Amino acid sequence: MFFDFSDFKTAYLTQRPYFVPQVHSDILGALKELPYLDSLESLLEHWPGSIQVHLPDLRDEASSVDTDAECAMSYYDQGMGLLFNDAQVLSPMLEEWLPALRKEIGISALTYGRNLIYATPHGQGTAAHFDQNINFVLQLKGIKRWKIAANHHLQNPMTRHTMGQPVDPEMMTYLERPMPTQMPQPTESFDLHPGSLLYVPRGYWHSTEAEGDALALNFTFTAPTWTDLLTAALRGRLITSPEWRETADLSEDKFDTLLRSLIQDLPGWRAKDILAATEAFHDQ
Ligand SMILES: [Fe+2]
């Protein structure tokens, strides 16, 4: 769809970035049909919901306020980046592309896939951070310089983290070494021109800077981990039992009895049964 999938799959499986200098003209042609992607002004004219403004202290969504289309331009004119979340609601075509891309990647039907549009004023961008999401960035207007680096501080983050900010308590439990204070080396640099696409692996450090006013369309996937699939299945199973639905009265004996019944049940658990429940049911 966007690129050669066997090349992408190699990058995906080795957790390496994948850069396409220019995606197929069919993709760009189809996007040109969407009038609101023409410019920030037309996007603001069509946008139905709230818009996230990234404040200048952090240049990151960790420090942001919400605004509406009427006020967004004045923030932008003062040098602040704007984020339009769930932009697929504007387009049946994007609504179709998201699950198609998700299936190509081979991730769960329980994945939350969405489009984000970033409007970034000249000279601005985002501070160094990593996300828990799988992300594809398609540049629409202007040039965006991406600096990215592999994450050797932790593997497979469950939440995002901005460099220099406190680490959340859950992340502290699997942090492998102290967080860096600057972009780790080696840092790779990619200049995204209109039509360029960059796949950013989950957890990769990245920072950006716009040259000229920039507009980018992201395809962002928050995919369940094995932990998420198992805990979803476990909950589904346990709540069929009135004993497991009891309000926990903190009795250790009662809890041990329940755990013993679960241990007896677990040897019969198979991946195919769990996946049949999580995938087939949700992949309508
Ligand atoms: Fe990011």
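Read on for an overview of the structure. (Residues numbered from 1 in each chain as written. Predicted model: local features only at pLDDT ≥ 70, side-chain atom pairs only at ≥ 80, totals over all residues. Heavy atoms only, no water.)

1. Some words on unusual backbone geometry
A negative phi angle is the norm for most residues apart from glycine, just as the trans form is the norm for most peptide bonds. With omega at -5 degrees, the peptide bond leading from Gln185 into Pro186 counts as cis. As for its placement among the helices and strands, Pro186 is situated in the loop between helix H6 (169–172) and strand E9 (188–192). For Gln15, which is not glycine, the phi dihedral falls at a positive 55 degrees. Mapped onto the fold, Gln15 is located in the loop between helix H1 (5–13) and strand E1 (18–20). According to the relative accessible area criterion, Gln15 is partly exposed, its value standing at 44%. For Asn156, which is not glycine, the phi torsion reads 50 degrees and is therefore positive. Relative to the assigned elements, Asn156 resides in the loop between strand E7 (134–149) and strand E8 (161–162). Taking the relative accessible area as the measure of exposure, Asn156 reaches 39% and is therefore partly exposed. (Helix = DSSP H or I, 4+ residues; strand = E, 2+ residues; numbered from the N terminus. Buried < 20%, exposed > 50% of the residue type's maximum accessible area, 1.4 Å probe, protein only.)

2. Observations regarding the nonpolar core
By size, the foremost hydrophobic cluster in this structure holds 46 residues, and its most contacted members are Leu31, Phe84, Phe136 and Phe219. Broken down by element, this core gets its largest block of residues, five residues, from helix H5 (residues 92–105). Setting aside its immediate chain neighbours within four residues, Leu31 contacts Leu37, Met93, Leu94, Trp97, Leu138, Leu140 and Leu217. Ranked by size, the runner-up nonpolar core spans 10 residues in total, among them Ala149, Val167, Met171 and Trp205. (Core = buried A, V, L, I, M, F, W, Y, C linked by side-chain atoms within 4.5 Å. Contact = heavy atoms within 4.5 Å.)

3. Things to note about the packing of aromatic side chains
One pass over the full model with this rule turns up 13 aromatic pairs. Ring centres of Phe8 and Tyr12 lie 5.7 Å apart, and the angle between their planes is 35 degrees; this geometry places the pair in the tilted category. Taken as a pair, Phe8 and Tyr12 lie in helix H1 at a separation of four residues, close to a single helical turn. Phe8 sits in the buried class, given a relative accessible area of 0%. Look at Phe8 and Tyr199: their rings are 5.0 Å apart centre to centre, the planes differ by 85 degrees, and that puts the pair in the edge-to-face class. Placement of the pair is Phe8 in helix H1 and Tyr199 in strand E10 (residues 197–200), with a sequence separation of 191 residues. Members of the aromatic cluster, each reached through a chain of ring pairs, are Phe5, Phe8, Tyr12, Tyr18, Phe136, Tyr199 and Phe221. (Phe/Tyr/Trp six-rings, centres within 6.5 Å; stacked < 30°, edge-to-face > 60°.)

Purely geometric numbers; function is a separate question.
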